[in-house]
There are 2 protein chains.
Amino acid sequence: MTTEKQTATWIWYPGDFEIWLHREVCLRREERGSIYPPFYRLDSPYVSLKFQHIYTIAESEEISIAAEGRYNVMIDGLMVPSASGRIVLPAGEHNLIISVVNEAGLPALFVQGSSVASGPHWNVSHTNWQWVSPGSWHFNKATEPPSAYRLATIKQSYMSEEQLPDGSRLIDFGKETFGYIQLHGLTGPGKVMLYYGESREEALSEAHCETLDCIEVAADAPLEYTHHASRALRYVRIVADVGIEVRDVSLLYEYLPVQYRGQFRCSNESINEIWNISVYTLHLTTREFFLDGIKRDRWVWSGDAYQSYLINYYSFFDEAVNRRTTIALRGKDPLDTHLNTILDYSFFWIIALYDHYWYTGDLEFVRSMYKKLLGLLDFCRRRANVNGMVEGQPGDWVFVDWADMDKQGELSFQQVLYCRSLEVSAQLAALLEDEVRAQELSREASSLKKQLFETFWDEEHGGLLHNRVNGVLQGGMTRYSNMFAILLDMLDEKQRQLVARHVLKNDAVPSIVTPYMRFFELAALCEVGEQAYVLSEMKSYWGGMLDLGATTFWEKYDPELEGAAQYESSGRPFAKSLCHAWGAGPIYLLGKYFMGVRPLDAGYAKVLIEPTLGGLSWIEGTVPTAEDDAVAIFMDETSLRIRTGNRPAVLRLTSVIEPTCEAGIVGAIGDNRYELSLDSLQSEYVIAYRTYPTQSTNI
Amino acid sequence: MTTEKQTATWIWYPGDFEIWLHREVCLRREERGSIYPPFYRLDSPYVSLKFQHIYTIAESEEISIAAEGRYNVMIDGLMVPSASGRIVLPAGEHNLIISVVNEAGLPALFVQGSSVASGPHWNVSHTNWQWVSPGSWHFNKATEPPSAYRLATIKQSYMSEEQLPDGSRLIDFGKETFGYIQLHGLTGPGKVMLYYGESREEALSEAHCETLDCIEVAADAPLEYTHHASRALRYVRIVADVGIEVRDVSLLYEYLPVQYRGQFRCSNESINEIWNISVYTLHLTTREFFLDGIKRDRWVWSGDAYQSYLINYYSFFDEAVNRRTTIALRGKDPLDTHLNTILDYSFFWIIALYDHYWYTGDLEFVRSMYKKLLGLLDFCRRRANVNGMVEGQPGDWVFVDWADMDKQGELSFQQVLYCRSLEVSAQLAALLEDEVRAQELSREASSLKKQLFETFWDEEHGGLLHNRVNGVLQGGMTRYSNMFAILLDMLDEKQRQLVARHVLKNDAVPSIVTPYMRFFELAALCEVGEQAYVLSEMKSYWGGMLDLGATTFWEKYDPELEGAAQYESSGRPFAKSLCHAWGAGPIYLLGKYFMGVRPLDAGYAKVLIEPTLGGLSWIEGTVPTAEDDAVAIFMDETSLRIRTGNRPAVLRLTSVIEPTCEAGIVGAIGDNRYELSLDSLQSEYVIAYRTYPTQSTNI
């Protein structure tokens, strides 16, 4: 008999790797030589852990122990010497407890014996003696502990170099990028200044560039230098003291390895470019977590992440970054502020957790977060007012959007999010068989929904009014609650049409200026069939940035601004982020509303495909339905080809003729709409149809 | 006009200095080369702080900044360069925010300008944007930050040295002590082993001594060596490699500077020695916090601390160590276990907080802990059963005492503590004008008290029965709940006498074996006038340890054991702690029940003096009534001299004749009891009386 050696893996308190990494990542932001910690609370891992494993072995065996932190070892309650990192375990059944303490980082443990090995089957407690399963990932070597986790890197050359009159060099990497500047053939002594720019103007502004580094080069310094801190940049200006030589410059590009599972091409080259730049933008901001922007804030915001999750389902379908971001944002108890301090951002977290289940079917992840979900929900409920509605409490940031608006009292926008949070929590509770809670939350959601509509719905003006202060309706109408009411499925068909006409397509209602809220507005318009309008908006808004030379999409874009005025924000000439996750919205719009793919059941147990050209001559691409599955679609004005994956799908189609398909029977569902079951897996369906004239000219 | 320079002091998040220091101190325990972290949860300071100061200055001024951690500076929301540690503040009114981040230690800040200086008038937030007043202490120099806090040290020489046959040296410091071993005239290279012993036998046992150190000496090491870690010891055996020279040995004794405010002498030399050794024992265990023992556990336990607080009022009256211990023990939210995981220990914390107010009158400290008090109380209340009583929940340690007993179900002992916790919390709530809460808690306390007596009081057997399991009374009687019912003032006079006769003085009720619970038992006996019995118990129990050569009092003492068997605990030959705070109980017994001093009003607004010889010919001493106040007492069988402090006092006295006093009018209060108001401050009162014959012979 041969015994196979067990594979050991590093283990820690579940969730604490993400909490620790979030802290690390958020504290990497620097501006002009100063650290720039987030405006919101940062949590820390537990400091003192006990790892337990009750083992049974026929013969005694030696284990080797590696730990992040100081540790001791007890067998059946008695301490055994462990300074050598090797211990002989006695045969039989024994209770092995290894205590690990780490004040500064993440306490973690790696134990390797021939049959005893650390892994998710062990127990861990943060010394509260409540044993839970430890967290683990892919750290399977003693010498590769979790603290050594880094994203991948690859050397990147610059595209062009400009010698400036003052003798300094302006290096251009040709597009927005992220990483560690490398100086080759560096000789000193002296000082090298690096001025970074997302724009040329920023790199040239010693006084106002947001990021700079000062490198002190000793006379005997090594020739090869890699800067210790990563930066967002397209340009870097290098100013070296007299006597300093820098032979060559490169960047150690740093990135999360993801698969580009979503693909999109169409008849319009501008839209194709928008798609490509969107994917690159999202890739740069998809890292340890979803960041808002890579230069600024380099932090993790729940509202921004909510969009990134959605876009991720149509591009990388990277479930792990969703999970990491979700865990990090929720942080630890006790909650004494909303997530990121923002009222709306607590709700986005809850809704996003449901979305993650809906797109991936990962109920185990929901189960692992369930206590945290209920805790956050209870925090929100405790702060509801006597009407059961939420409004800003002292210390709350009622964000909604950067636009000027009245944020006092009960905002219909916040009630829509809160109501949806209650609904999805009730559904998750039911899935986890917490029936009492499910019913309680469901009743609460119904009651709030009823009150929301009784309070804010204005039939005459066809939408939800903006807010109520001290019991007095304020009368104004904004787009926010109305578009979310469509997106979060809170309106009937008649109400949707009213909202579309009276609010979304009504110029008298204040327009939306951030790509953040534009994303939701355009998605809501797609929900009511306005793809053609959305397409033209994409061309002008995102295309406008491309016309200005954008290589990634921006935090804000105002077509009226000229030249470097585009880069200003918050009174600082270059504070605007030129690579912002929420700029990548077209991926979602094109994947969900043109390719038309979305789950019909949780985890894409059934795939809905409802493609629309929206005024394009043809579209083609792939939408992932899991990490290892996708559907491929080609559509032009008369034909449609669909390659199914490993999941059954349903096609819904609008056509002026009755579509035909050799492989299946197309059924009419009224109003020029047709349906076809795509039950054959890994199969190609070819459908003949004729596209419906778009209504784009009406807009 | 000259402007006086403001005094700056280091500031931090309130309570976080204590939380950080507690973590540091608890993690200093090592056994035979391994760290030995506590069995209970350790909390950490907040990592990311914002310090705020809204200043108004007529002229701009420069400030210098020192921080523990990385920091940045914003004035009116705009970051200003701060890498140099010096900033010029613009004149006028401005909002200065300094963010400090420290992942491993305590984030803290020190700002010194001519008129702007960090201090308790600043604000701080742990980035939850709820501003509170920062914590501070006596760290008033930029170069002396809180992380550098150390107890005082002084060089201590050893008393004798023994050359052992194997060439090693056994150093004896003559008594139990604590500090850092110093080796003088040390030359290498090689290894020096240090084997510590609280007893000679322990130091001689390489295999079983609890503490040892291995020092690697390099050939070029300095001649003077001080070990980095402090140890508890009386003996140290030094075993050096061949070629190593050690010219001399000493100890850097480490101690908390306290004042010996309480004094006691009496006609019995053995009792005087017990007092002295008790004070030394308490001093060794009174450090950054009240430790249980200095060798083992070197941790902070709430039940042990409860006694130390009480003893402290009659010795050092050091309020600061009480506060530090209270803050550290409570830790941070969320609570998911009782303090130290022990049910009883949560209640001791609550009762001790009230005691601290009662002895010191420090309502501000109570105010600062009030949220934490309510949080802990709510944690306990949430875990009460349907009868409103507490019993062990999964994960709870129901401790009571080390003795064997049934710990299932509802213990009357736990209900007594819980009930008193509710009562004192109600009183504190009333003092803080939280009337609604006060009434609610008071009602709850009354209801529980009623139920406690209805359930457990057994009139026939004259005491509280031990426990009830699943509604069924178990019938047994133990001392614990009964003596605490006396001490915590829950019995009427008739019940007290019943309990004294049927429980405390009844050999059929299982006797108490730990000094921990003996303390309470003897105090309860004093409460019912059994000082003479208590005196003889002190002589035999504490005196028994002295007879065995104790230089500090032990964790446990069993007169039946012989020789080194005294040192065994938990199956380890030298695990028993020979310097344990709860061994210092005689200080409290002698101060409170012989000198007879206790507060009649909170903070000794009025001092009660009720002295008793308890069989001694004379007693004399001082009892502190504040950090800067005390009463001095001399009493023999016919006379009494009292020197009042700055507080009015009341004397109550038992005498077979009517006492006389020139300075006041003695009033009879019946039953050979007399009372005299001592209203003159800083005055000496001389009273003639005749002592009542003691009842010691009855026992």
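Counting its regular elements, chain A contains 14 helices and 34 strands. Taken over the C-alpha trace, chain A has a radius of gyration of 28 Å; the compact-globule value for 699 residues is 27 Å, and the two agree within 12%. Based on the C-alpha atoms only, the size of chain A along its principal axes is roughly 80 × 70 × 65 Å. Residue burial in chain A is summarised as follows: out of 699 residues, 61% are buried.

Here we take up the interface of chain A and chain B. Of the residues lining the interface, 38 residues belong to chain A; the matching set on chain B comes to 38 residues. For the pairing of chain A and chain B, the buried interface totals around 3,400 Å² over both sides, and the portion due to carbon and sulfur atoms is 61%. Interface area lost by chain A to chain B is led by I35, M79 and E103 of chain A, which between them contribute 14%. The tally of links between chain A and chain B comes to zero salt bridges. Between the two partners, chain A and chain B, sit twelve residue pairs in polar contact (both at pLDDT 80 or more). If you list the elements that add at least two residues to the side of chain A that touches chain B, you get β2 (34–35), β3 (48–57), β5 (70–75), β6 (78–80) and β8 (92–101) of chain A. Looking at the side of chain A that touches chain B, the element that brings in the most residues is β5 of chain A, giving four residues.

In this numbering, the UniProt entry assigns the feature "domain: Alpha-rhamnosidase-like N-terminal" (unreviewed entry) to residues 50–238 of chain A. Across residues 50–238 of chain A, helical content stands at 3% and strand content at 51%; the span's end C-alpha atoms are separated by 50 Å.

So, about the side chain of T551 of chain A. All names here are of chain A. Counting through the fold element by element, T551 comes out in the loop between α13 (531–547) and α14 (586–593). Taking the relative accessible area as the measure of exposure, T551 reaches 17% and is therefore buried. Among the polar contacts listed, one links the side chain of T551 to the backbone nitrogen of E176, at a separation of 2.9 Å. Beyond its immediate stretch of four places on either side in the chain, T551 contacts G174, K175, E176, R234, I277 and Y280.

What follows concerns the domain arrangement of chain A. Residue and element names in this part refer to chain A. When the domains of chain A are assigned, the result is domain 1 (16–147), domain 2 (152–255), domain 3 (343–398 + 404–510) and domain 4 (596–698). The straight-line distance from the C-alpha centre of domain 3 to that of domain 4 is 32 Å. Tallying the contact residues gives five residues for domain 3 and eight residues for domain 4. Across the interface of domain 3 and domain 4, roughly 460 Å² is buried in total on both sides, 64% from carbon and sulfur atoms. The three residues of domain 3 that bury the most area against domain 4 are Y357, W358 and Y359, which together make up 91% of that side's buried surface.

On to the pattern of salt bridges. Scanning the entire structure with this criterion turns up 94 salt bridges over all chains. In this structure, R237 of chain B and D166 of chain B form a salt bridge, with 2.7 Å as the shortest nitrogen-oxygen distance. One end of the pair, R237 of chain B, is in strand β17 (residues 231–240); the other, D166 of chain B, is in the loop between β12 (160–163) and β13 (169–184), with 71 residues separating them in the sequence. Among the residues examined, R237 of chain B registers a relative accessible area of 5% and is labelled buried. For D166 of chain B, a relative accessible area of 52% translates into the label exposed. The salt bridge involving E364 of chain B is made with R367 of chain B; its shortest N-O contact spans 3.2 Å. Placement of the pair is E364 of chain B and R367 of chain B together in helix α7 (residues 363–382), with a separation of three residues, close to one helical turn. Residue R367 of chain B is classed as partly exposed on the basis of its relative accessible area, which comes to 43%. One continuous salt-bridge network, built from bridges that share partners, spans R29, E31, E210, R296, D297, E555 and R572 of chain A.

In this section: helix α7 (residues 363–382) of chain A. All names here are of chain A. When the terminal C-alpha atoms of α7 are compared, their 27 Å separation across 20 residues agrees well with the 28 Å that a helix rising 1.5 Å per residue should span. The principal kink in α7, of about 55 degrees, is found at M369. Those residues of α7 that fall on the buried side of the exposure criterion are L363, F365, V366, M369, Y370, L373, L374, L376, L377, F379, C380 and R381. In the core, the buried residues of α7 are packed alongside α5 (319–330), α6 (343–360), α8 (412–431) and α9 (435–456). Capping of α7 at its N-terminal end is provided by D362; its side-chain oxygen lies 3.3 Å from the backbone amide nitrogen of E364.

Here the focus is the sheet that holds strand β5 (residues 70–75) of chain B. Residue and element names in this part refer to chain B. Spatially, five strands are ordered β6-β5-β8-β3-β10 in an open sheet, and the strand pairing comes out antiparallel. The open sheet has two edge strands, β6 (78–80) and β10 (123–125), and neither has a second partner. On average, each strand axis in the sheet is inclined to that of its neighbour by 30 degrees, with strand direction left out of account. Relative to strand β8 (residues 92–101), strand β3 (residues 48–57) is paired through ten bridges, and the arrangement is antiparallel. For K50, the partnering residue across the bridge sits in β8 and is S99.

Moving on, we come to the sheet that holds strand β23 (residues 467–469) of chain A. Residue and element names in this part refer to chain A. Taken in spatial order, the three strands of this open sheet run β20-β23-β24, and their pairing is antiparallel. Bordering the open sheet on either side are β20 (410–411) and β24 (472–473), each of which pairs with just one other strand. Sheet topology note: the β20/β23 ladder contains two bridges and is antiparallel. Residue E410 lies in a different strand from β23, and its bridge partner there is R468.

Regular strands show a simple pattern: their side chains alternate between the two faces of the sheet. Residue and element names in this part refer to chain B. Judged from the six bridges that link them, strand β11 (residues 152–157) and strand β18 (residues 248–255) form a sheet pairing that is antiparallel. The residue bridging I154 from the neighbouring strand is Y253, located in β18. Bridge analysis of β13 against β18 gives six bridges, and the strand direction is antiparallel. Each bridged residue has a counterpart across the sheet, and for Y180 the counterpart in β18 is L252.

Once that is clear, we can look at the environment of H22 of chain B. All names here are of chain B. For H22, the position within the fold is in helix α1 (residues 16–26). Taking the C-alpha atoms as reference points, H22 and T325, separated by 303 residues in sequence, lie 8.3 Å from one another. Discounting residues that sit within four places of it in the chain, H22 has contacts with Y40, L42, F289, V300 and A328.

This part takes up the relation of the copies chain A and chain B. Between the two copies, chain A and chain B, the superposition gives an RMSD of 0.0 Å; the rotation angle is 180 degrees and the shift along the axis is 0.0 Å. Between the two chains, the operation in question is that of a two-fold axis. Taking C-alpha positions as the reference, the residue of chain A nearest the rotation axis is A104 of chain A, at 2.0 Å.

This part is about the pairing of strand β32 (residues 667–670) of chain A. Residue and element names in this part refer to chain A. Note that β32 and strand β33 (residues 673–678) share three bridges and pair antiparallel. Among the inter-strand pairings, A668 is bridged to a residue of β33, identified as Y674. Linkage of β32 to β33, two consecutive antiparallel strands, is achieved through a turn of two residues, within which D671 is found at a positive phi near 65 degrees.

One covalent bond between the sulfur atoms of two cysteine residues makes up a disulfide. Counting across every chain of the model gives zero disulfides over all chains. Free cysteine: C526 of chain A, not disulfide-bonded; nearest cysteine sulfur from C266 of chain A at 14 Å. Judged by its relative accessible area of 4%, C526 of chain A is buried. Just so you know, C214 of chain B is unpaired, no disulfide at all, and the nearest cysteine sulfur is the one on C209 of chain B, 12 Å from it.

UniProt marks residues 262–592 of chain A with the feature "domain: Alpha-L-rhamnosidase six-hairpin glycosidase" (unreviewed entry), using the numbering shown here. Structurally, residues 262–592 of chain A comprises 54% helix and 5% strand, and the distance from its first C-alpha atom to its last is 11 Å.

It is worth spelling out the packing of aromatic side chains at this point. This model, assessed by the stated rule, comprises 116 aromatic pairs over all chains. The interplanar angle of 45 degrees and the centroid separation of 4.5 Å between the aromatic rings of F484 of chain A and F520 of chain A together place this pair among those described as tilted. Of this pair, F484 of chain A sits in helix α10 (residues 479–487) while F520 of chain A is found in helix α12 (residues 515–527), placing the two residues 36 residues apart along the sequence. The two residues F484 of chain A and F520 of chain A agree in class, both being buried. Summarising the aromatic geometry, the rings of W397 of chain B and W402 of chain B are spaced 6.0 Å apart at their centres and angled 55 degrees between planes, so their arrangement reads as tilted. Assessed through its relative accessible area of 47%, W402 of chain B is described here as partly exposed. We note R518 of chain A situated over the ring of Y541 of chain A; from NZ or CZ to the ring centre the distance is 5.7 Å.

Cut-offs used in this document
- Residues numbered from 1 in each chain as written.
- Chains lettered and ligands numbered in written order.
- Predicted model: local features only at pLDDT ≥ 70, side-chain atom pairs only at ≥ 80, totals over all residues.
- Heavy atoms only, no water.
- Helix = DSSP H or I, 4+ residues; strand = E, 2+ residues; numbered from the N terminus.
- Rg over C-alpha atoms; globule rule 2.2 N^0.38 Å.
- Buried < 20%, exposed > 50% of the residue type's maximum accessible area, 1.4 Å probe, protein only.
- Contact = heavy atoms within 4.5 Å.
- Buried area = accessible area lost by both parts, 1.4 Å probe.
- Salt bridge = Lys/Arg side-chain N within 4 Å of Asp/Glu carboxyl O.
- Polar contact = N/O pair within 3.5 Å; in protein donor to acceptor, adjacent residues only side chain to side chain.
- UniProt positions renumbered as here; feature names shortened; annotations may be inferred.
- Domains from an automatic or database assignment.
- Expected span 1.5 Å × (residues − 1).
- Bend = angle between axes of the 7 residues up to and from the residue.
- Pairing = 2+ DSSP bridges.
- Axes fitted to C-alpha atoms, helices over the stretch in contact; angles between N-to-C directions.
- Least-squares fit on C-alpha atoms with pLDDT ≥ 70 in both.
- Disulfide = S-S within 2.5 Å.
- Phe/Tyr/Trp six-rings, centres within 6.5 Å; stacked < 30°, edge-to-face > 60°.
- Lys NZ or Arg CZ within 6 Å of the ring centre and 35° of its normal.

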